[in-house]
Amino acid sequence: MYIPTAWWRHVQSLDSLNVLVNYWWRDLPPEAGSPFEVLVHGLLAVRHLPGPQRDAWRAIFDHYWFEADGDPAAHLPEARKGVLGSLTPRVAQNLRVYLRNAFK
């Protein structure tokens, strides 16, 4: 059975032994990381901010993550987009180094 990513479902055990395999297929390279890790970090870093600050971060996330107003780097040549461009192994590595240093 195929259930699309992030769709909620109900599973009921009908026997004493059951197996459920849950895998969210992604066409991203492994260095892209996990959206769940981002959620957990957001719970730590953003959730407990005062309302106006959360609203500001929501606008930033909408702009950069969800591209609510289109690609924020569309005006830049690909070679100048940096972290807003294609997720190459080098860009992913640079981001991981930045995060590793930030979490020390």
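Look above for the structure.
Residues numbered from 1 in each chain as written. Predicted model: local features only at pLDDT ≥ 70, side-chain atom pairs only at ≥ 80, totals over all residues. Heavy atoms only, no water.

Comments concerning the overall build of the chain
In terms of helices and strands, the chain carries 3 helices and 0 strands. In terms of C-alpha radius of gyration, the chain reaches 18 Å, well past the compact-globule figure of 13 Å for 104 residues. For the chain, with 104 residues in total, the buried portion stands at 7%. Sequence separation of at least 24 residues holds for 25% of the intrachain contacts in the chain that already meet a minimum separation of 6. Distance between charge centroids for the chain: 9 Å, based on 11 positive and 10 negative side chains. (Helix = DSSP H or I, 4+ residues; strand = E, 2+ residues; numbered from the N terminus. Rg over C-alpha atoms; globule rule 2.2 N^0.38 Å. Buried < 20%, exposed > 50% of the residue type's maximum accessible area, 1.4 Å probe, protein only. Contact = heavy atoms within 4.5 Å. Lys, Arg positive; Asp, Glu negative; His and termini not counted. Charge placed at Lys NZ, Arg CZ, Asp CG, Glu CD.)

Quick word on the pattern of salt bridges
In total, this model carries 3 salt bridges according to the counting rule given. Residue Lys-81 pairs with Asp-71 through a salt bridge whose shortest N-O separation is 3.7 Å. You can see Lys-81 sitting in the loop between helix H2 (51-64) and helix H3 (89-102) and its partner Asp-71 sitting in the loop between H2 and H3, a full 10 residues away along the chain. With a relative accessible area of 15%, Lys-81 lands in the buried category. Three or more residues joined by partner-sharing salt bridges are found here, namely Asp-71, Glu-78 and Lys-81. (Salt bridge = Lys/Arg side-chain N within 4 Å of Asp/Glu carboxyl O.)

Some points on the packing of aromatic side chains
Evaluation of the coordinates by the stated rule reveals 3 aromatic pairs. Centre to centre, the rings of Phe-61 and Trp-65 are 4.3 Å apart; their planes meet at 10°, and the pair counts as stacked. By relative accessible area, which is 22% here, Phe-61 ends up partly exposed. On the basis of relative accessibility, which here comes to 49%, the residue Trp-65 falls in the partly exposed class. Ring geometry for Trp-65 against Phe-66: centres 6.1 Å apart, planes inclined by 80°, an arrangement best described as edge-to-face. On the basis of relative accessibility, which here comes to 58%, the residue Phe-66 falls in the exposed class. In textbook terms, an aromatic cluster arises when at least three aromatic residues are bridged by ring pairs, as seen for Trp-57, Phe-61, Trp-65 and Phe-66. (Phe/Tyr/Trp six-rings, centres within 6.5 Å; stacked < 30°, edge-to-face > 60°.)

Examining a nonpolar patch on the surface
A contiguous nonpolar patch, built from Val-38, Trp-57, Ile-60, Tyr-64, Trp-65, Phe-66, Val-83, Leu-84, Leu-87 and Leu-95 and spanning about 940 Å² of accessible area, is present on the exposed surface. Per element, the largest residue contribution to the nonpolar patch is 3 residues, and it comes from H2. Examined against the element boundaries, Ile-60 turns out to sit in helix H2. (Patch = residues over 30% accessible without salt bridge, like charges linked within 9 Å, V, L, I, M, F, W, Y side chains within 5 Å. Areas by Shrake-Rupley, 256 points an atom, 1.4 Å probe, with all protein chains shown as cover.)

Coordinates in, geometry out; function isn't part of it.
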